[in-house]
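Take a look at the letters that make up each chain.
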Amino acid sequence: MAVPALLLLAGAAAALEYRSYRKKVQAQRYRPPSQANGLMLGPSQWIPGQRSVVPVPGAVVVCHVFGVVEHTGIWLGSNAIAELHGSGLVRAVSPKRFLHGRSGARIFVCCDRLHAPLIQQDAVQRAVASLFTYRDYHLRHNNCHRFIWHCLTGQEQKITSFSQFNLLLSQLFDTGLYWDPCELLEASGGPME
């Protein structure tokens with residue numbers, strides 16, 4: 001068998017295994033929690049999840065960046081997201097702008113097992129107070145995850161990866177994390193296209 005055919009078969013097997021894993025996690029999601037901590041269901045462009053969630057002010061949101069890293073923000077409400085841009089500018093952007101220039105076509109919301117967005121008191125106020133300020137941006141040492149952690153807790157902490165960020169979020173909220181697809185609503189109340 002040719003090498004490309006073997007690679008194709010291996011990729012198909014991995015995709016089936018991934019799909020099976022996500023279905024198993026979804027099936028167990030509604031059972032009473034049994035000390036579930038950490039990342040339970042990550043954001044996935046391939047298999048986004050069974051149910052979309054309308055974000056609420058203070059919710060943590062994420063999108064993929066070319067399948068290599070994730071970009072996080074704080075939902076401010078009124079279809080605005082606070083983010084730390086790669087230039088170091090903290091700004092409020094629309095969901096469309098949040099996704100612009102990134103590979104992801106979807107935004108995900110950090111939720112508990114019952115699809116309720118996880119929010120922290122004062123996150124929106126800290127995010128708004130940071131708008132139009134600059135941070136010394138660095139992909140690994142002073143990134144969007146560190147900024148969002150500051151919005152959630154008021155603390156500065158070096159966060160080098162999305163995995164580390166998820167672990168900290170799980171500890172903060174004392175629950176397992178589920179990244180559900182975001183359902184965006186227009187001002188009229190209907191879904192956005």
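A short tour of the structure in this document, coming up. Keep in mind it's a predicted model, so treat the numbers as computed, not measured.

Cut-offs and rules
- Residues numbered from 1 in each chain as written.
- Predicted model: local features only at pLDDT ≥ 70, side-chain atom pairs only at ≥ 80, totals over all residues.
- Heavy atoms only, no water.
- Pairing = 2+ DSSP bridges.
- Helix = DSSP H or I, 4+ residues; strand = E, 2+ residues; numbered from the N terminus.
- Axes fitted to C-alpha atoms, helices over the stretch in contact; angles between N-to-C directions.
- Contact = heavy atoms within 4.5 Å.
- Parallel < 35°, antiparallel > 145°, perpendicular 65-115°, else oblique.
- Nonpolar A, V, L, I, M, F, W, Y, C, P; charged D, E, K, R; others polar.
- Phe/Tyr/Trp six-rings, centres within 6.5 Å; stacked < 30°, edge-to-face > 60°.
- Buried < 20%, exposed > 50% of the residue type's maximum accessible area, 1.4 Å probe, protein only.

## A few points about the sheet that holds strand β6 (residues 108-111)
In space, the 7 strands of this open sheet follow the order β1-β7-β6-β2-β3-β4-β5, with mixed pairing throughout. Looking at the sheet topology across the chains shown, the edges are occupied by β1 (38-41) and β5 (90-93). Here the strands of the sheet are splayed against their neighbours by 35° on average, with no regard to which way each runs. Pairing of β1 with strand β7 (residues 176-181), which is carried by 3 bridges, proceeds in the parallel orientation. Counted as the bridge partner of Leu 39 is Leu 177 from β7. Packing of helix α4 (residues 144-153) onto the sheet brings it into contact with β2 (60-65), β3 (69-77), β4 (80-84) and β5, and relative to β3 it is tilted by some 30°.

## Regarding the packing of helix α3 (residues 123-130) against α4
Direction vectors running N to C along α3 and α4 enclose 125°, while the axes themselves pass 6 Å from each other. It follows that α3 is oblique to α4 by the angle criterion. Residues Ala 123, Arg 126, Ala 127 and Ser 130 of α3 pack against Phe 147, His 150, Cys 151, Leu 152 and Thr 153 of α4. Split by residue class, the contact of α3 with α4 holds 5 nonpolar, 3 polar and 1 charged.

## Digging into the pairing of β5
Relative to β5, β4 runs antiparallel, the two sharing 4 bridges. Within β5, the position partnered with Leu 84 by the bridge is Val 90. The hairpin turn running from β4 into β5, its antiparallel successor, is 5 residues long, and Gly 88 in that turn takes a positive phi close to 100°.

## Some points on the packing of aromatic side chains
The full count for this structure, using the stated rule, is 2 aromatic pairs. Ring centres of Phe 162 and Phe 165 lie 6.4 Å apart, and the angle between their planes is 35°; this geometry places the pair in the tilted category. A residue pair is termed a helical-turn pair when its members lie 3 or 4 positions apart in one helix, as Phe 162 and Phe 165 do in helix α5 (residues 162-173) at 3 residues. Given the relative accessible area of 0%, Phe 165 is considered buried. Look at Phe 162 and Trp 179: their rings are 5.5 Å apart centre to centre, the planes differ by 45°, and that puts the pair in the tilted class. With a gap of 17 residues between them, Phe 162 in helix α5 and Trp 179 in strand β7 connect regions that are remote in the sequence.

Note that every value here comes from positions in space, so none of it alone points to a role or purpose.
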